[in-house]
Every structure is written in C-alpha cells, then in structure tokens.
Amino acid sequence: MDKILEAVMMSPHSKVVKQGMVRRVVESAAQPLDSSQCRAMFHVSTRLFLLGESQFKRDAGREVLEAFARHHQREFEEFFEVRFVLGLLRNGYPPLGRRSPQIFLYLETGLRCLADTPSAPDLFHLLQIEVLRIVCERPGPELCEQLARLLSRCPRCVPSGNLQTVFCQQLIQTIRLFQCQSQQDDDIVTFLERVTKTSGMLQTVWRANVATIFPSLKELFIVISTPGEGGSVPSNALASVVQYVPLELMEGAVRNLTNDKNISDPQMLTAICRMIDWLSWPFTKNTDKWVIALMKGVAVVKKCVILIEVTLAKIEEVFAKLFYPIVREGALSVLSYLLLSFQQSPEAFHLLIPQIPPLVSCLLAEGSDSAQQCLQQLVELIHCLLFRFTGFPDLYQPVLEVIKDFPCPSEERVKQVLSQGAWTAQRADQVSLCHRLAPKSETGKTGLVNLGNTCYMNSVIQALFMASDFRLAVMALKNCDLLPLMGRLQRLFAFLEHSQRPAISPDSFLAASNPAWFNPGSQQDCSEYLKYLLDRLHEEEKKSSQKARGQSESQASDTLIKRMFGGKMVTRIRCLRCQNVSQKEEAFSDLSLAFPPPNHRRDASFILSPSPAVVEGVGPVTSMTPHPRGTGPSPPERQQERKARIIHVETVGSLERVEPPHGANEGLAGAAPSARASSRAPPQSPDLSASLSVPDLINFFLTPEMLTGDNKYRCQRCSSLQNAEKVVEVTEGPHYLILTLLRFSFSMATMRRRKILDNVSIPLVLKIPVRLPSRGPESVGAREVGSGLGAGPGVAAEPEGSAYVSLTYDLASVVVHSGLSSESGHYYCYARECDGEKPSAGGAGESGSDDPAWATPTQPGGGAEGTQWYLFNDTRVSYSSFEAVSNVTAHFPKDTAYVMLYQLRPTHRVEPGDCCIMATEGLRSTEPLDRELVEAIAKDNTLHLQEQERGVRHRAALSPSAAEPPVWLKDPRRRERRPTPESGTDEDKMTGCWEQVGVPAV
C-alpha cells in the first residue's frame, strides 16, 4: 500500500483522485499490519510530510502518519525513537535542512501521537536538551516562532529543573539580536508577531516556575547595560519581555538592582537609556511602568547624577514619540515623570520648547481621542512647568501662543502636580556638572550655571559684569593676594569675558561671597546679596589699604566700590515747634524705593528750598509744603512756614507704557496671557491701569515725611517729643546708581512676606536732583552752579535761585524677579553695555549731544534706545531690546523689575568745592590680565574642547540602537494618512493607529 500511495501522489492524476486515494489509505490504517508494512507506511508518510512539493502533499503525509501512528502505536514508537528524532534535529531530513520549520511541525505531530507511551519521557527529555541547544545557537525570529509553537503545543518539551533558568537567559540573549531587515509593511507585521510569540516562551516558563523570573531579569539587565558585540546595540525587541513580568514583583526587582554594589553607575545609566528606547516598541504593556520604577529606585539611593544624565540625553527622543499614536500613551507617561522629577533646573523643559508648537498643531490636526487626551495632559504639564520655571519671557512666548485657547489648571492643581515627583540632587555642584554641552550663545556672551537656586547671584554678577567701567577696573587690579574676594570676582569676570564655554560655574565665588545666613539651595533676595557683596568688597579693600600702606581710615575708605557705587545723602529733620533743624550725612550704595500709598499725589514731590539752611543752633530754616506722607502741621505752624519750590525728578527718552494684551490678567501668575486670574491671584494684584514709574518712586522717596503721633521726633532743643518734618536729599551722585524697588512686605493677614506686583515703567534716561554743598551759611547761587557744571553732558543746572543740579543717568541693567514671594521664584537680568564716553541715544537730544549716530545697534533688537540689550538667564544668554524690558510685566504679570542699575553720563571736572560729584575720567582701564589668569583661561578653554569631544561620543553611545529609529516610526508625515477612528471596536482603533504609521493592522 505504501508503494501505491507514493505512486498515486507522484502521478499526474487529478487532485480529486489523489484525495480519494488518501482517504482509502487512512481508512485502511485500522487493519492489522506487520512491522515492516507499518514502517514502510511511516517512511512514505514522513517523506510526504517533510518533502512534499505542495501543501496538499504535506497535509496528506501528516494525515496518513497520524492515522497509522494512532492504530499502530507500538510500531510507531519503534520508528519515532530517540536516535531518529536526534538525527532530524542535528542533520535534518536531506535535502531538508535541520532548521526547516517543517521539521518542527513533524516533531510536534509525532510527539502528540506518543504523549502517553513509555518512550515519551525519553523523547521529551531529549527535546528539552535540544531546544536549549537550539536557543544557544541564536536562531532567528522565524525559527524561534516554530520553537514557540512546539513548546506551546507540547509543554513537556520546555526545559525543566535547572535548565529552565538557563533557557530563559539564553532566550533573552537570542531576542537581543532580533532586527527587522525589511521596510515592507507585511514583513514588519510578521516580524512583530514572531517577536511576540518568541517572548511568550518566557511567559510559559515563568508561569510554571516563578523562581526563574529574577535570574531572567538579571540577565536582561546585563544585556541592556553592556555594549553589544562589535558595537551593536541590543534590539528593542527586548521590550516584549518585560510585559510578562508580574507587576507585583517590580518593586523587589528594582530594589535588588539599585542596591547591587556590583552594578556601576555607567551600567545603570546605559540600562535606563535603553529601556527608554523600548517605548518605541508597539503592542507591549508596562514598559513605561518599568522605566519609571527603575528611575524612582535610582532616586531612592540618591544617585541623582544618573537621572540628570538620562533626562538630558533622552527627553527629546521621548517627546518625539508623542507624534505616533501607537506608542503615545507610554511615551507621555515617561515624559511626565522626567519633567516633573527634573525640577532643580529648567534645562530639560527648555530642550522641548522648540518642539511644543509643532506637536500641538499636529495633535489638533489629528483630532483623534488619543490626540485629545494627550493634548489635555500635555497642556497641564506645560502650565505646571511654566509656573515652576518662571522668568524666560523670550523663550516661552511661542508656547503661550499655541496653548492660549486651552483651559489653565488652578494654582492648587499646579502645586499638587509639581509636588508629586520631584527629587533633589545630592549636591548643587553635581547639577552643574550635568548640563548639556550646548554651543555658545550667538551673542558671544557667557552664561552662569545655576548651582541650585543661585539665580539671585547669577543675575547680580551679570549686571555688574555689564557695568563696563566697573568690570574693567576690577580686571585691571594687580596683586589681589590681600583681596581674596575681589580676586575671585576678577577671575570670574575674566572667565565671563574670555571663556569659550557657553556657561561657566561660579561655585568658587558662591562659596566665598554668600552670606553666612543664606541657606544653601534656597532662594534668596538678590538685593540683599548685592548689598552684602559690595559691603564685603569695600571693607576688604579698606582693611587691605590700612594694613599694606598704613593709610588712615579716612584715606583707606576711598575704595573702588566707593568710587563706583558710593553716593551721599543728607537727612534733615525740622522741629515744627522750635524750627530747629538737625542733619546727618551718610553714604549709600543703593536707594531703596518704597511704593507710595494709593492716596499719594504723584505730583506732590518736594525737596528743601535753596534758602539758607539752619543746623541746630544756627539761623532760620527752610519750610516744606504742602503736607507730604502724613498729617499736615497745625494752622499756627503753617503760618510760620515759608513757601517751598517743587522740583520734579526728570526722565528723558522713556517709552510709553504698553498696555497688556487682552487676557493678560488671567491664569497662573506669569504663566500665560491667557491664564486665569483666580489661579494667579497674588497677595496684591498689579494695577496695570495706573502704572507707576521709577520717577514716581524717586519723587516719593524725596518727599518730606511728617513725624507725628507715635512717630514723633525727640527734639534736643525742646527736650521732648515734637511733631517734625523729615526730608532726604542726595548730595553726591554715584557713578553707578543702584535702585531697589521694595516689592516685598510682610502681610499680617497671612503672616508671610507678600510681593507687590504693580507694574513700574522704567525710563531709559533718568535725571536725579543733587543738592550742591554750601560754601558757608549761604547756599551756592544758581549762576555759580551754571558756570561750574555747564561743560558736562551729564549735569544740568537748575533755574536761577536753585542750589541743585540734575545728574543724568542711563539705564544699564534691570534685574527682574519672577514669582510671588522673595523665598521663591526666579531672577534674570536685562543688561546692556553703556559706553562711558558717549551719551545714550535715548537722551542724546536732551543732553545736547551732537553725535547720535553712535547709538545705531550693531545687532537686531537694539532699537533706538541705545546699545544692544541682552537677556541673561543663568546659562541662557540671548539678544533682547528695551521694548522687552519695558513690557515684561505686561506680558508676564509676576515678572517685575526689582533692581535697576543706572550709569552716570560722563562729566568734566569742575572747580574744587563747587560740587562733590565725581568725574569719571580714569575709571576705564585697558590693563592686560595677570599672566596666571590668562593661562588658566587658556587651559580651561582647551579642556572645554576636550569635553565637547567626549560629550559627542557619550551622547552617541546613549542614542537608541546607535542608530536608526524603528522602521514603523521613521516617517512622521505618514501618521497623517488617516485619522485614528473616533469610535468602533478596539481592533478598529488599533488598525487606525497602525495605518497612521504606515503599518497595516496585525
């Protein structure tokens, strides 16, 4: 019968005839046959099964083999014995190779027929060993698919005992090598199916023996934490493995890995980066959960440098995956964790800023449920990060524009989100070491690394650096051995001037200059820091001069800080009973300007009249009217007063205040023009409709104050408390005038310091009245003033009868505070480099300058307001303009000017004694740097170039697969082929997802 069957199957008869013959042969299988006949039938059916040219012949062979094996089991057991099976697995069935899928189908059929026979244990034991051997030979996805089918249908072939752990580990090593070699959609789908079935073998083993899971995970970690052979990178197909690990084992697995001292930081870093690459693998579950769990485990053991590196290296790749519906959910989960945990620096968030508008536009165009959910979560995340990292108006404006139509979360919700996942770096200096090596700013300026809430220092240092006269004087100092702090400032300025780095770390200067009461890592008041720094520098130079040169205290007090920032003011108090005047002269380095009460008249600014002043015990006194800052004097006292002349502080060249756009008062403070007012609500809301100006605050500062009630003055002449009048006058203007707006006050209602958010317009040119010193009991006459000071463009004489001159100052820098309290928020600085030898363009016409052409900006954004403006925001330096300075509060309501630096227009010397205002000649210097400092800068620049080279190699090593993205994520434009179905079955939705990335549904 075997010969008849073989002859018919090889004959040219029709398929119907052949089917009939097969049916009759199968029916005859129940008849008794001797061993030789049975063996002959087994051989014929085996040849048809394995070597048949068509599927019909192979199916016929399988059907005949199963029939005869079932009815002649003993004979088939003798035929399908261990040596025969081993030969098939080792040598194949010539001409069929040993790795043919048909052989595994044949083995599956034979094993099913002998499952309950005495020889079955030996056969299955052989198969267990051979399956393990085949896996160790690193078969491809096709053969692994056949193995998976064999093991799923014949579970007894799965390696047992100790072999199970080895099998799982070797299978992971095999999957590591899987790569899709085709870009055809059908081939991609087939590849993904084969990978899924292959990794399913691990699930089979893990379900049977939970003890194999942890050794398997350890092997998986070894694979993803070490470079592949020949520089290859493990396949992202390994993502299909973790989905089968029970989530209840996640915590223990992560704890074992993060506490294993044999695992180095570079290994952990590489492993996390490669797991993040797995997010591009479709149809897997829990990959995002494993990535987040492992990063949380690393944070628990305080290895935050790893997390910083991972975030900066991978966050852009994770963000890019949001364009693809098929992997969007997991990518968004990991992205949220990366951003919300990386709160010690805005760098990670800022890497994504350019890509946010395109993504929002893409999601809006897609219109699917997936896109809408992603948009909602993404917009909330953006608002939270805008709230956390305030103070980047130029960077955030495009983002605010694209999300303005979306609802803004409440402030409570924002704080809740921000408090969920933040981790803190071990040390601030570690944060500074992990900044990405970005190219230097196109401005040519150098930024300063934020060392953990040190923006208060960075903004002050940049403002001082841009004060060119001060910078050049500091850099020209020699032999700073006795001036350790000044020497560090000189070194910092030199590096800012000549370093090739995009940003330098001021860690050494921070350690030397920070007040002892400042808590490291906490936000501080930049004005307090600036005053402390200038005082330290002044006292240091003063003590050095006394020690080294033996100078007296008065001689030694003439320091560089005093020459640059020192001014003088006189405080006079007049008793309203006896008219006695007491006065006190004191030096100042800045003017602290308070905000006037709401009922204060802005035009009621006063200074003492130029009539003869009387010091205690000497002659008549001036009078002051009307009644400033308090209740006016009684009628009898009024009759004794003499009329005072009002002199307003003048401004030249200021821009009109720009009204905020519609909706600027809505939303989170400073988060967006479209944010809601309820969520922003600061302790005191800004009144943009009645904006104050810096001159208003100076006028208020110079307004006489009535000392009455509990604030009465103790008059020495009267020997009792009396109503009095107090006035402050500037008697010597500094070269650099520092103005601090007193925006922070203590609220008794909340028992916290609150911030005054009123918008204050800033003039580009400012004129300050300065009282001239008297030559005797009489004041200097106006004609003397005019003849003595008329030659200088920075000094303007007042009208006849005046004892005052107006000093002209040009705006040099503005430090902006972004936030709602002094204990939080962010500082950044707008600055320009005023030329000390030429007036600024804004005041050229008023000061009589006949050379306005010098002010033409050399870079875009300078405008007609003088030289080029820059925005210094920690490591970020960009071009800006005076318009941006003027309008920052209008667009970002919680970003308010806090400290301003004005530079005095250059003057010529006057007759000694005519005026105590210092001339500025000789302040600028072009002395070369100290040789050791030059060598240090050159050495650091060389080191920077080497770091750049290493950084390029390091980032290349962390890039996914060292290589191209998965073929199903290669062309983002294909995602717009067809929108994801809004409704329908899950299968329909998945089909839509596939088609958007150019892959048909599985």
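Given the structure is predicted, the values throughout are model-derived calculations rather than measurements.

Engineer: An account of the overall build of the chain is requested, with residue identities and associated values reported.
Structural biologist: The helix and strand inventory of the chain stands at 39 helices and 22 strands. Burial statistics for the chain: of 1002 residues in total, 57% are counted as buried. Taking contacts inside the chain between residues at least 6 apart in sequence as the whole, the part at least 24 apart equals 74%. On the chain, roughly 43,200 Å² of surface is accessible, and the fraction owed to carbon and sulfur atoms is 51%.

Engineer: Any chance you could break down the pattern of salt bridges for me, citing the residues and the numbers?
Structural biologist: Under the definition given, this model contains 35 salt bridges. Of the charged contacts, one joins glutamate 108 and arginine 149 as a salt bridge, the two residues approaching to 3.6 Å between their closest N and O atoms. You can see glutamate 108 sitting in helix α7 (residues 101-113) and its partner arginine 149 sitting in helix α9 (residues 141-153), a full 41 residues away along the chain. Note on glutamate 108: relative accessible area 3%, which makes it buried. Three or more residues joined by partner-sharing salt bridges are found here, namely Arg62, Glu66, Glu108, Arg112, Arg149 and Arg153.

Engineer: Mind laying out the packing of helix α12 (residues 213-225) against helix α14 (residues 250-258), listing which residues take part and the relevant values?
Structural biologist: Remark: α12 packs on α14, axes separated minimally by 11 Å, with the N-to-C direction vectors making an angle of 50 degrees. Judged on the interaxial angle alone, α14 and α12 are oblique. Where α12 crosses over α14, the two elements pack in a sense that is right-handed. In contact with Phe214, Leu217 and Phe221 of α12, α14 contributes Gly252, Ala253, Asn256 and Leu257. Here the contact of α12 with α14 is built from residues that sort into five nonpolar, two polar and no charged.

Engineer: Tell me what's going on with the pairing of strand β16 (residues 765-771), and back it up with residues and numbers.
Structural biologist: With respect to burial, β16 is a largely interior element, seven of its seven residues being buried. As paired strands, β16 and strand β18 (residues 804-818) are joined by seven bridges and run antiparallel to one another. Paired with valine 765 across the strands is aspartate 810, a residue of β18.

Engineer: Give a detailed account of helix α21 (residues 369-388), specifying residues and quantitative values.
Structural biologist: For α21, with 20 residues, the first-to-last C-alpha span of 29 Å sits near the 28 Å given by 1.5 Å per residue. Of all the positions in α21, only Ala371, Cys374, Leu375, Leu378, Val379, Leu381, Ile382, His383, Cys384, Leu385, Leu386 and Phe387 are classed as buried.

Engineer: I'd like a rundown of the side chain of asparagine 450, residues and numbers included.
Structural biologist: Inspection of the secondary structure puts asparagine 450 in the loop between β1 (447-448) and α25 (455-466). At 3.1 Å, the side chain of asparagine 450 and the backbone nitrogen of threonine 454 are in polar contact.

Engineer: Kindly report on the pairing of strand β4 (residues 581-588), identifying the contributing residues and their values.
Structural biologist: Residues in a regular strand project their side chains so that they alternate between the two faces of the sheet. Strand direction decides the pairing type here: strand β3 (residues 567-575) and β4, joined by eight bridges, are antiparallel. The partner of glycine 567 across the bridge, within β4, is phenylalanine 588. Linking two consecutive strands that pair antiparallel, namely β3 and β4, is a turn of five residues; a positive phi of about 65 degrees is found at glutamine 579 within it.

Engineer: Tell me about helix α16 (residues 287-300), residues and numbers included.
Structural biologist: When the terminal C-alpha atoms of α16 are compared, their 20 Å separation across 14 residues agrees well with the 20 Å that a helix rising 1.5 Å per residue should span. For α16, a buried count of eleven out of 14 residues is recorded, marking the element as mostly surrounded by other parts of the structure. Taken together, the buried positions of α16 are occupied by Thr287, Asp288, Trp290, Val291, Ile292, Ala293, Leu294, Met295, Gly297, Val298 and Ala299. Those residues of α16 that are buried are in contact with α12, α13 (239-242), α14, α15 (265-277), α17 (304-320) and α18 (328-341). Downstream of α16 by a residue or two, lysine 302 has a phi angle that is positive, lying close to 65 degrees.

Engineer: Provide a residue-level description of the sheet that holds β4, including the pertinent values.
Structural biologist: Strand order in this open sheet of four strands is β4-β3-β11-β8, and the pairing throughout is antiparallel. On the outer flanks of this sheet lie β4 and β8 (705-707), each paired with one strand and no other. Strand after strand, the sheet turns through a mean of 25 degrees between neighbouring axes, direction not considered. Pairing of β8 with strand β11 (residues 724-732) involves three bridges; the strand directions are antiparallel. What sits directly across from glutamate 705, in β11, is lysine 726.

Engineer: Which residues make up a nonpolar patch on the surface, and what values do they have?
Structural biologist: A contiguous nonpolar patch, built from Phe746, Met748 and Met751 and spanning about 360 Å² of accessible area, is present on the exposed surface. When you line up the elements, methionine 748 lands in the loop between β13 (744-747) and β14 (752-755). Its relative accessible area of 62% is what places methionine 748 among the exposed residues.

Engineer: Please set out the environment of valine 241 residue by residue, giving values where relevant.
Structural biologist: With respect to the secondary-structure elements, valine 241 resides in helix α13. Exposure remark for valine 241: the relative accessible area of 0% places this residue in the buried category. Residues valine 241 and lysine 285, 44 residues apart in the sequence, show an inter-C-alpha distance of 9.7 Å. For valine 241, the contacting residues outside a window of four places in its chain are Ile175, Ser199, Leu202, Trp206 and Leu220.

Engineer: Any details on the packing of helix α1 (residues 2-10) against helix α4 (residues 55-71)? Residues and values, ideally.
Structural biologist: α4 packs onto α1 with a crossing angle of 165 degrees between their chain directions and a minimal axis gap of 11 Å. By the angle between their directions, the pair α1 and α4 is classed as roughly antiparallel. Two packed elements cross with a definite hand, and for α1 against α4 that hand is right-handed. Residues Leu5, Met9 and Met10 of α1 touch α4, and the partners they reach there are Phe56, Lys57, Ala60 and Val64. For the contact of α1 with α4, the per-class residue count stands at six nonpolar, no polar and one charged.

Engineer: Before we move on, can you summarise the nonpolar core with the specific residues and values?
Structural biologist: Counting 162 residues, the largest nonpolar core has Leu5, Phe80, Leu335 and Tyr396 as its most contacted members. With sequence-adjacent residues up to four places away left out, phenylalanine 80 is seen in contact with Val85, Tyr106, Leu107, Gly110, Leu111, Leu114 and Leu123. Counting residues in hydrophobic clusters, the runner-up holds 60 residues, among them Leu464, Met475, Met564 and Tyr879.

Engineer: Any details on the packing of aromatic side chains? Residues and values, ideally.
Structural biologist: The description of two aromatic rings rests on the distance between their centres and on the angle between their planes. With the rule as written, the count across this model stands at 26 aromatic pairs. For the pair phenylalanine 470 and phenylalanine 493, a centre-to-centre distance of 6.1 Å together with 85 degrees between the ring planes defines the contact as edge-to-face. Taken together, the residues span a long stretch of sequence, with phenylalanine 470 in helix α26 (residues 468-475) and phenylalanine 493 in helix α27 (residues 484-498) at a distance of 23 residues. Since its relative accessible area comes to 0%, phenylalanine 470 is described here as buried. By relative accessible area, phenylalanine 493 is classed as buried at 0%. An aromatic cluster of three or more residues is present, and its members are Phe42, Phe49, Phe76, Phe79, Phe80, Phe84 and Tyr106. Against the face of phenylalanine 465 rests arginine 471, its NZ or CZ located 4.8 Å from the ring centre. The ring of phenylalanine 387 carries lysine 894 above its face, with NZ or CZ at 4.3 Å from the centroid.

Engineer: Can you lay out the confidence of the model for the chain for me, pointing to particular residues and giving the numbers?
Structural biologist: Per-residue confidence for the chain gives a mean pLDDT of 77; residues scoring 70 or more make up 75%. Low pLDDT, under 50, characterises residues 775-793; the predicted model gives this stretch 44 contacts beyond four residues in sequence or across chains.

Criteria and thresholds
Residues numbered from 1 in each chain as written. Predicted model: local features only at pLDDT ≥ 70, side-chain atom pairs only at ≥ 80, totals over all residues. Heavy atoms only, no water. Helix = DSSP H or I, 4+ residues; strand = E, 2+ residues; numbered from the N terminus. Buried < 20%, exposed > 50% of the residue type's maximum accessible area, 1.4 Å probe, protein only. Contact = heavy atoms within 4.5 Å. Areas by Shrake-Rupley, 256 points an atom, 1.4 Å probe, with all protein chains shown as cover. Salt bridge = Lys/Arg side-chain N within 4 Å of Asp/Glu carboxyl O. Axes fitted to C-alpha atoms, helices over the stretch in contact; angles between N-to-C directions. Parallel < 35°, antiparallel > 145°, perpendicular 65-115°, else oblique. Left-handed = near helix turned anticlockwise from the far one by under 90°. Nonpolar A, V, L, I, M, F, W, Y, C, P; charged D, E, K, R; others polar. Pairing = 2+ DSSP bridges. Expected span 1.5 Å × (residues − 1). Polar contact = N/O pair within 3.5 Å; in protein donor to acceptor, adjacent residues only side chain to side chain. Patch = residues over 30% accessible without salt bridge, like charges linked within 9 Å, V, L, I, M, F, W, Y side chains within 5 Å. Core = buried A, V, L, I, M, F, W, Y, C linked by side-chain atoms within 4.5 Å. Phe/Tyr/Trp six-rings, centres within 6.5 Å; stacked < 30°, edge-to-face > 60°. Lys NZ or Arg CZ within 6 Å of the ring centre and 35° of its normal. pLDDT = per-residue confidence, 0-100.

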